[in-house]
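Working through the structure, step by step
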Amino acid sequence: MQSYQDLVHEVMEIVEDEIGVVDPDGTVLACSDSGKVGSNLPDTILKEILKNADKTVTVNGITFCKVYSGRKIIVLTYIYSVSETAEKLLNLFSISVLNYYQFCLSRLDRSSFFRSIIMENLSEHEIINRARELRIPVEMRRIVFHISVPGADDSACLSVLKNMFPDRSNSSVFIVNSSNYILVHSLKSTSKHRHVTDIAYMIKDNVSSELMADTRVAIGTESVSLTDLKKSYQNAVMADITGRIFEGKEKIADYNKLGIGRLIYKLPEESCRIFLEEVFPGETYKTFDEEMFKTIEGLFECNFNISKTAEMLFVHRNSVIYRIQKIQKITGLDVRNFNDAVIFKIAMLVSKYLSYIDKQKKVD
Amino acid sequence: MASVKLKNVYKKYESAHGGVMAVNDFNLDIDDKEFLILVGPSGCGKTTTLRMVAGLEEITAGEIYIGDKLINDVQPKDRDIAMVFQNYALYPHMTVFDNMAFGLKLRKTPKHEIKKKVYEAARILEIEHLLDRKPKALSGGQRQRVALGRAIVREPKVFLMDEPLSNLDAKLRVQMRVEITRLHQKLKTTIIYVTHDQTEAMTMGTRIVVMKDGFIQQVDSPQVLYEKPVNVFVGGFIGSPPMNFVKTRVRKDEKGVFLIFGEAEGSVLQSRAQAAEQKLVKPTMIYLPPERASKIEELGYIDKEVIMGIRPENIKDDPRFFQQFPDAVVEGVVDVREALGAETLLYLKISDVDFTARVDPSHKFKPDDEVKMVFDPTRLHIFDAKTEKVLPV
Ligand SMILES: Nc1ncnc2c1ncn2[C@@H]1O[C@H](COP(=O)(O)OP(=O)(O)OP(=O)(O)O)[C@@H](O)[C@H]1O
Ligand SMILES: [Mg+2]
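Residues numbered from 1 in each chain as written. Chains lettered and ligands numbered in written order. Predicted model: local features only at pLDDT ≥ 70, side-chain atom pairs only at ≥ 80, totals over all residues. Heavy atoms only, no water.

Assigned secondary structure in chain B consists of eleven helices and 20 strands. Scored against the burial criterion, the 393 residues of chain B give a buried share of 50%. Here the analysis covers contacts within chain B between residues at least 6 apart in sequence; of these, 68% occur between residues at least 24 apart. If you sum the accessible surface of chain B, you get close to 18,900 Å²; carbon and sulfur atoms cover 50% of it. Here chain B holds 58 positive side-chain charges and 56 negative ones, and the gap between their average locations is 7 Å. (Helix = DSSP H or I, 4+ residues; strand = E, 2+ residues; numbered from the N terminus. Buried < 20%, exposed > 50% of the residue type's maximum accessible area, 1.4 Å probe, protein only. Contact = heavy atoms within 4.5 Å. Areas by Shrake-Rupley, 256 points an atom, 1.4 Å probe, with all protein chains shown as cover. Lys, Arg positive; Asp, Glu negative; His and termini not counted. Charge placed at Lys NZ, Arg CZ, Asp CG, Glu CD.)

With that settled, consider a nonpolar patch on the surface. On the surface, a cluster of nonpolar side chains totalling about 280 Å² of accessible area is made up of A:Leu89, A:Leu92 and A:Ile95. Residue A:Leu92 is classed as exposed on the basis of its relative accessible area, which comes to 56%. (Patch = residues over 30% accessible without salt bridge, like charges linked within 9 Å, V, L, I, M, F, W, Y side chains within 5 Å. Salt bridge = Lys/Arg side-chain N within 4 Å of Asp/Glu carboxyl O.)

Turning our attention to the packing of helix α2 (residues 96–106) of chain B against helix α3 (residues 111–125) of chain B. Residue and element names in this part refer to chain B. At a minimum axis separation of 10 Å, α2 and α3 run at an interaxial angle of 130 degrees. Classed by the angle they form, the pair α2 and α3 counts as oblique. Note that α2 runs across α3; the crossing there is right-handed. Facing Phe97, Met100, Ala101, Leu104 and Lys105 of α2, the residues of α3 in contact are Ile114, Lys115, Lys117, Val118, Tyr119 and Ala122. (Axes fitted to C-alpha atoms, helices over the stretch in contact; angles between N-to-C directions. Parallel < 35°, antiparallel > 145°, perpendicular 65-115°, else oblique. Left-handed = near helix turned anticlockwise from the far one by under 90°.)

Let us now look at the sheet that holds strand β5 (residues 72–79) of chain A. In any sheet, the strands associate via hydrogen bonds between backbone groups, in a parallel or an antiparallel arrangement. Residue and element names in this part refer to chain A. In space, the five strands of this open sheet follow the order β2-β1-β5-β4-β3, with antiparallel pairing throughout. Of all the strands in the sheet, just β2 (28–31) and β3 (56–59) have a single pairing partner and so form its edges. The mean angle between the axes of side-by-side strands here comes to 25 degrees, regardless of whether they run parallel or antiparallel. (Pairing = 2+ DSSP bridges.)

Contacts between chain A and chain B engage 33 residues on the former and 35 residues on the latter. Together chain A and chain B conceal approximately 2,800 Å² of surface at their shared face, both sides included; 57% is due to carbon and sulfur atoms. One salt bridge in this structure joins A:Asp214 and B:Arg51, with 2.7 Å as the shortest N-O distance. Inspection of the chain A/chain B interface yields nine residue pairs in polar contact (both at pLDDT 80 or more). Here the element with the most residues in the side of chain A that touches chain B is helix α6 (residues 193–211) of chain A; it accounts for eight residues. Looking at the side of chain A that touches chain B residue by residue, the class counts come to 16 nonpolar, nine polar and eight charged. (Buried area = accessible area lost by both parts, 1.4 Å probe. Polar contact = N/O pair within 3.5 Å; in protein donor to acceptor, adjacent residues only side chain to side chain. Nonpolar A, V, L, I, M, F, W, Y, C, P; charged D, E, K, R; others polar.)

The next thing to look at is the sheet that holds strand β8 (residues 190–195) of chain B. Residues and elements named next belong to chain B. Strand order across the open sheet formed by six strands is β6-β7-β8-β3-β9-β10, with mixed pairing between neighbours. Looking at strand neighbours, the two that pair on one side only are β6 (81–84) and β10 (215–220), the edges of this open sheet. Each strand of the sheet is rotated relative to its neighbour by a mean of 20 degrees, with strand direction disregarded. With four bridges connecting them, β6 and strand β7 (residues 158–162) associate as parallel partners. Within the sheet, the bridge partner assigned to Ala82 lies in β7 and is Phe159. In this fold helix α1 (residues 46–54) packs onto β3 (35–39), β6, β7, β8 and β9 (207–212), with an angle of close to 150 degrees to the strand it touches most, β7.

Attention now goes to the packing of aromatic side chains. Scanning all chains against the criterion turns up 15 aromatic pairs over all chains. Linked through ring pairs, B:Phe261, B:Phe355 and B:Phe375 together constitute an aromatic cluster. Above the face of the A:Phe300 ring, A:Lys345 is positioned so that its terminal group lies 4.5 Å from the ring centre. Over the ring of B:Tyr301 we find B:Lys304, and its NZ or CZ is 5.6 Å from the ring centre. (Phe/Tyr/Trp six-rings, centres within 6.5 Å; stacked < 30°, edge-to-face > 60°. Lys NZ or Arg CZ within 6 Å of the ring centre and 35° of its normal.)

Now for the site of ligand 1. Inspection of the region around ligand 1 gives 15 residues, with B:Ser42, B:Gly43, B:Lys46, B:Thr47 and B:Thr48 positioned closest. Proximal residues around ligand 1 fall on chains A and B, making this an inter-chain site. At 3.0 Å from an oxygen atom of ligand 1 is found a main-chain nitrogen or oxygen belonging to B:Gly45. Within the complex, the protein chains bury 81% of what would otherwise be the 640 Å² of accessible surface of ligand 1. Residue assignment for the shell around ligand 1 shows that the elements contributing at least two residues are β2 (20–30) and α1 of chain B. Residues that form the shell around ligand 1 fall into these classes: five nonpolar, six polar and four charged. (Near = heavy atom within 4 Å.)

In this section: α1(B). Residues and elements named next belong to chain B. Counting buried positions over the nine residues of α1 gives eight, a clear majority of the element. Inspection of α1 places Lys46, Thr48, Thr49, Leu50, Arg51, Met52, Val53 and Ala54 among the buried residues, and these make up the whole buried set. Positive phi shows up at Gly55, right after α1, with a value of about 95 degrees.

Summed over the entire model, instances satisfying the criterion amount to 39 salt bridges over all chains. Salt-bridge contacts for A:Glu222 lead to A:Arg141; the nearest nitrogen and oxygen are separated by 2.6 Å. Taken together, the residues span a long stretch of sequence, with A:Glu222 in strand β9 (residues 216–225) and A:Arg141 in strand β6 (residues 139–148) at a distance of 81 residues. In this structure, B:Glu113 engages B:Lys117 in a salt bridge whose closest nitrogen and oxygen atoms are separated by 3.6 Å. Taken together, the residues B:Glu113 and B:Lys117, both in helix α3 and four residues apart, mark about one turn of the helix. Take B:Glu113: its relative accessible area is 29%, and that puts it in the partly exposed class.

You can see A:Ser351 is positioned in helix α13 (residues 338–363). At 2.8 Å, the side chain of A:Ser351 forms a polar contact with the backbone oxygen of A:Met348.

Right, let's talk about the nonpolar core for a bit. All names here are of chain B. Counting 47 residues, the largest nonpolar core has Met100, Tyr193 and Val210 as its most contacted members. Among the elements that line this core, the one with the most residues is α3, at six residues. Excluding residues within four positions of it along the chain, Val210 makes contact with Val39, Phe215, Ile216, Gln217, Gln218, Leu225, Phe233, Val234, Phe237 and Ile238. Ala293, Phe321, Met373 and Leu391 belong to the second-largest nonpolar core, a separate cluster that totals 33 residues. (Core = buried A, V, L, I, M, F, W, Y, C linked by side-chain atoms within 4.5 Å.)

This brings us to the environment of B:Leu130. Residue and element names in this part refer to chain B. For Leu130, the position within the fold is in the loop between α3 and α4 (140–152). For the pair Leu130 and Thr95, spaced 35 residues apart in the sequence, the C-alpha separation amounts to 8.6 Å. The residues contacting Leu130, other than those within four sequence positions of it, are Val96, Leu138 and Gln142.

We now examine the packing of helix α10 (residues 290–301) of chain A against helix α11 (residues 306–313) of chain A. Residue and element names in this part refer to chain A. Running from N to C, α10 and α11 point in directions that differ by 120 degrees, and their axes come no closer than 9 Å. By the criterion of interaxial angle, the relationship of α10 to α11 is oblique. In the packing of α10 onto α11, the handedness of the crossing is right-handed. Packed against α10, whose contacting residues are Lys294, Thr295, Gly298, Leu299 and Glu301, the element α11 presents Ile306, Thr309, Met312 and Leu313 at the interface. Here the contact of α10 with α11 is built from residues that sort into four nonpolar, three polar and two charged.

Before going further, it helps to examine the side chain of B:Arg292. All names here are of chain B. Examined against the element boundaries, Arg292 turns out to sit in helix α10 (residues 290–298). There is no salt bridge for the buried Arg292, and the closest opposite charge comes from Asp376, which lies 7.0 Å off by N-O distance. Setting aside residues no more than four positions away along its own chain, Arg292 makes contact with Pro377, Thr378, Arg379, Leu380, Ile382 and Val393.

Here's what the structure looks like:
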């Protein structure tokens, strides 16, 4: 247990005698002489300590102290010395050990509680009761972020995320499965959605640069109560998937801004195929290139003003017209016309979706 | 410290409809200790290029070297690279020291080494006096420096920066541009810096790569890019306000070779009514200096269409130019006058085409005034109308 060892390290700077932490079975968990970690106390000594009802016991020139949580011994501490001062020091050290133990426990409980809410099927009743025990407010604005960092070391990644959000009463970070993490973050009553997006970008950039790993962040819906936190998580996951299908480049997927992708994602595959065949008979869409797609996007953005579109795309006005005519020749759709442009745009998205489905089928 | 070399690098993002060629046959040698800037409009492939160097994006074809080492198959974290992005986050509960030390701790660097590296970085960034502070107690600029410090302590061979300043307010951005340039001089290491802002590129870079649609357009110093753009795109992209462009025709008469625009075209086909409806536009002619004239004639451009480009500061109202270039005087109408203090921008209509001129603030003209100006014919950029490439004239 690395953490007790850290504690010992700090105390070592004050205390000269050997000190250590032993678990109730006699295994040394931490010691100022780090070579002893993992070794075992002789059984006879252990028995003698446990038999004795006193809290501190001296055996063979070593002072031991039992550290209790309730009526259970969690660990023993010891100092290689016998004196009044040594005993006092050991008692102080034991208090730190207990504090540390309780801190870990509560921390563990908080994030494992959030984890259970999200991953398991807790009843509303259970959620509310456990929240009360852990003193976590039930009603609160919270948002779930789904963070995926394939190719990074899990513990390093958790460490980065936890240190970005160190305030445990407002944030909880845990791992769902290898490379996928969840951040549950509470929001002030005045926070705007912009703030949520900023957090997502910050996570992406910070994790990528700390770990030199590709990072995607998906944003779920805002939940106002612990009882709807699971829904927020599910929406974050859906945003992640839809983001991968329709956006590609964007590393941030926001459930609240899935746009048309949200609808298409829910359409039955069969309808999609029929629609596509209707708009682009004979799979003509496979001959489209990115230029055409960009042109359409540009037209939408510039309110169908061809000169402005040309300016934005840094091409000549005539090239825009040429591309429009090319699309018309292949599809019969005149994308200068708003209705045709909408059909074209949806068809492009549907074709992305279908190619995602096809890819999934290949994987399965 | 190391050079970086990209050799025939391509990146294709696969998708249902053929995919996007985000980066096309990218070839570039970046010297050791160079500050190189990638600039271009949104979607031109800057980030993709940077991510390929970092190893965060697989390359479709080509080779990337750091130093002499081919790194195509080297893991990102083993490439000895540090990245700086726009949305940095400092760890709120840690001191500046610990913020800078954190990444090293993750990499299990020994304690005494961490200390040495953090102090060294703090010295370079001039933030030694802030090491005990928490991020909350820092100004925006100081935070930005701590963020840079986190990359510096790693002592990478190459820094990759993707628009690191674009989230800052205008004033801080200008200040940080200077600081990053200075930092580069102190660190003596290779930096590849991405921005979509040509002003930023021009003020920071010693060498700039201008990209468009995944293709490198031109690689040169800011000065050369400005004075000798190789095509219409670079001419229009670099410089603010941008270069003026107009389609002109090359013609020749007894006086010499000239560019003309505003000619009535296809008048034969027009009915009288149409002609009457259209207001009369007087054509504008600019005679080229003899040397340029003979070159363009040699290239066979007489009677052909070309694109003429002229920078706002090369549209002159200074009497000296009227004397020197009497055959390059144009007439126009002032549309809008924008006084900027040190200079004045005039938005003109010349033969019904919009032009922007940058003139001395003493210029007295008001909107609707008719003005005469000179198009400095030695500073005209002439591009082929189809390929949009500059003509060697
Ligand atoms: N993961 C991806 N999947 C699909 N297409 C992508 C992906 N990443 C980038 N692209 C596309 O590749 C092209 C280049 O994108 P890139 O992000 O490199 O541009 P950029 O020059 O950095 O632009 P910006 O100034 O907007 O950041 C764009 O057309 C973009 O849509
Ligand atoms: Mg980019």
